[in-house]
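# Results of the structural survey
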Amino acid sequence: MNDQRINLSQTVYALCTQYPALVNTLAELGFRDITKPCMLGSVGRFMTIPKGAAMKKLDLEQIRLRLMESGYTVTQQEGYHE
(Lines give C-alpha, C1' and ligand atoms only; values in the text may rest on other atoms or scores of the structure.)
Protein backbone atom coordinates (compact mmCIF):
# COMPACT_ATOMS: atom_id res chain seq x y z
CA MET A 1 0.00 0.00 0.00
CA ASN A 2 2.56 2.54 -1.07
CA ASP A 3 1.75 6.19 -1.55
CA GLN A 4 -1.82 6.00 -0.27
CA ARG A 5 -2.29 9.43 1.26
CA ILE A 6 -5.18 10.40 3.45
CA ASN A 7 -5.46 14.17 3.74
CA LEU A 8 -7.91 14.71 6.60
CA SER A 9 -9.12 17.95 5.00
CA GLN A 10 -10.54 16.00 2.02
CA THR A 11 -14.11 14.74 2.05
CA VAL A 12 -14.91 11.14 2.91
CA TYR A 13 -16.42 10.77 -0.58
CA ALA A 14 -13.21 11.92 -2.28
CA LEU A 15 -11.05 9.64 -0.15
CA CYS A 16 -13.28 6.59 -0.60
CA THR A 17 -13.48 7.21 -4.34
CA GLN A 18 -9.70 7.29 -4.50
CA TYR A 19 -9.25 4.33 -2.11
CA PRO A 20 -12.32 2.04 -2.22
CA ALA A 21 -10.91 -0.26 0.50
CA LEU A 22 -11.05 2.70 2.88
CA VAL A 23 -14.83 2.25 3.16
CA ASN A 24 -14.40 -0.99 5.12
CA THR A 25 -11.67 0.46 7.32
CA LEU A 26 -13.83 3.46 8.22
CA ALA A 27 -16.82 1.20 8.90
CA GLU A 28 -14.69 -0.84 11.32
CA LEU A 29 -13.68 2.39 13.05
CA GLY A 30 -17.29 3.34 13.77
CA PHE A 31 -18.43 5.03 10.57
CA ARG A 32 -20.91 2.23 9.84
CA ASP A 33 -23.24 4.32 7.65
CA ILE A 34 -20.41 4.82 5.17
CA THR A 35 -21.17 1.38 3.71
CA LYS A 36 -24.53 2.70 2.46
CA PRO A 37 -23.97 4.14 -1.04
CA CYS A 38 -26.61 6.83 -0.50
CA MET A 39 -24.80 8.09 2.63
CA LEU A 40 -21.41 8.12 0.95
CA GLY A 41 -22.85 9.90 -2.08
CA SER A 42 -24.68 12.55 -0.07
CA VAL A 43 -23.24 13.23 3.39
CA GLY A 44 -19.83 11.94 2.33
CA ARG A 45 -19.52 14.75 -0.21
CA PHE A 46 -19.14 17.38 2.52
CA MET A 47 -18.10 15.33 5.58
CA THR A 48 -14.44 14.95 6.51
CA ILE A 49 -13.05 12.27 8.80
CA PRO A 50 -12.39 14.78 11.63
CA LYS A 51 -15.96 16.20 11.37
CA GLY A 52 -17.44 12.70 11.36
CA ALA A 53 -15.30 11.67 14.31
CA ALA A 54 -16.46 14.70 16.27
CA MET A 55 -20.12 13.99 15.47
CA LYS A 56 -19.79 10.34 16.50
CA LYS A 57 -17.57 11.17 19.47
CA LEU A 58 -14.75 8.99 18.15
CA ASP A 59 -11.09 9.55 19.03
CA LEU A 60 -9.46 11.10 15.97
CA GLU A 61 -5.98 10.06 17.11
CA GLN A 62 -7.09 6.41 17.26
CA ILE A 63 -8.55 6.75 13.76
CA ARG A 64 -5.33 8.29 12.51
CA LEU A 65 -3.25 5.49 14.05
CA ARG A 66 -5.50 2.80 12.57
CA LEU A 67 -5.26 4.36 9.13
CA MET A 68 -1.48 4.40 9.43
CA GLU A 69 -1.51 0.74 10.53
CA SER A 70 -3.56 0.00 7.41
CA GLY A 71 -0.78 1.46 5.24
CA TYR A 72 -2.00 5.00 4.67
CA THR A 73 0.04 8.16 5.09
CA VAL A 74 -2.16 10.54 7.08
CA THR A 75 -1.84 14.31 6.79
CA GLN A 76 -3.91 17.19 8.05
CA GLN A 77 -2.50 20.04 6.02
CA GLU A 78 -4.55 21.75 3.34
CA GLY A 79 -2.98 21.17 -0.04
CA TYR A 80 -0.42 18.72 1.36
CA HIS A 81 2.60 18.14 -0.87
CA GLU A 82 5.64 16.05 -0.04
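Refer to the structure printed above.
### What about the packing of aromatic side chains?
Going through the model one piece at a time under the given rule, you end up with one aromatic pair. Note on Tyr-19 and Tyr-72: the rings are 5.7 Å apart at their centroids and 65 degrees apart in plane angle, and the pair reads as edge-to-face. Remark: Tyr-72 occurs in the loop between helix H5 (60–69) and strand S2 (73–75) and Tyr-19 occurs in the loop between helix H1 (12–18) and helix H2 (22–28); sequence separation between them is 53 residues. Like Tyr-19, the residue Tyr-72 is buried in the burial classification. Note that Arg-45 overlies the ring of Tyr-13, its terminal NZ or CZ placed 3.9 Å from the centroid.

### Here we look at H5
In this structure Asp-59 caps H5, since a side-chain oxygen of it lies 3.0 Å from the backbone nitrogen of Glu-61. One or two positions beyond H5, positive phi appears at Gly-71, with a value near 100 degrees.

### Some thoughts on the pattern of salt bridges
A pair can form between side chains of opposite charge whenever their charged atoms are brought close. By the definition in use, this model includes four salt bridges. Across the pair Asp-3 and Arg-5 runs a salt bridge, and its minimum N-O distance is 3.0 Å. The closest approach of N and O atoms between Arg-66 and Glu-28, which form a salt bridge, is 2.6 Å. With a gap of 38 residues between them, Arg-66 in helix H5 and Glu-28 in helix H2 connect regions that are remote in the sequence. Given the relative accessible area of 28%, Arg-66 is considered partly exposed. With a relative accessible area of 53%, Glu-28 lands in the exposed category.

### Observations regarding the nonpolar core
A general trend in soluble globular proteins is that nonpolar side chains are found buried together. In this structure, Ile-6, Leu-22, Leu-26, Ile-34 and Ile-49 are the most contacted members of the largest nonpolar core, which totals 21 residues. For this core, the elements supplying multiple residues, two or more each, are H1, H2, helix H4 (49–56) and H5. For this core, the leading source of residues is H2, giving four residues. Look past the residues within four positions of Ile-49 in its chain and what remains in contact with it is Ile-6, Leu-8, Val-12, Leu-15, Leu-26, Phe-31, Leu-60, Ile-63 and Leu-67.

### Notes on the packing of H4 against H5
Helix packing geometry: the angle between the two helix axes and the distance between the axes. H5 packs onto H4 with a crossing angle of 130 degrees between their chain directions and a minimal axis gap of 10 Å. Here H5 runs oblique to H4, going by the angle between their axes. When you trace H4 past H5, the crossing you get is right-handed. Residues Ile-49, Pro-50 and Ala-53 of H4 pack against Leu-60, Ile-63 and Leu-67 of H5. The class makeup of the residues in the contact of H4 with H5 is six nonpolar, no polar and no charged.

Cut-off values and rules
- Residues numbered from 1 in each chain as written.
- Predicted model: local features only at pLDDT ≥ 70, side-chain atom pairs only at ≥ 80, totals over all residues.
- Heavy atoms only, no water.
- Phe/Tyr/Trp six-rings, centres within 6.5 Å; stacked < 30°, edge-to-face > 60°.
- Helix = DSSP H or I, 4+ residues; strand = E, 2+ residues; numbered from the N terminus.
- Buried < 20%, exposed > 50% of the residue type's maximum accessible area, 1.4 Å probe, protein only.
- Lys NZ or Arg CZ within 6 Å of the ring centre and 35° of its normal.
- Polar contact = N/O pair within 3.5 Å; in protein donor to acceptor, adjacent residues only side chain to side chain.
- Salt bridge = Lys/Arg side-chain N within 4 Å of Asp/Glu carboxyl O.
- Core = buried A, V, L, I, M, F, W, Y, C linked by side-chain atoms within 4.5 Å.
- Contact = heavy atoms within 4.5 Å.
- Axes fitted to C-alpha atoms, helices over the stretch in contact; angles between N-to-C directions.
- Parallel < 35°, antiparallel > 145°, perpendicular 65-115°, else oblique.
- Left-handed = near helix turned anticlockwise from the far one by under 90°.
- Nonpolar A, V, L, I, M, F, W, Y, C, P; charged D, E, K, R; others polar.

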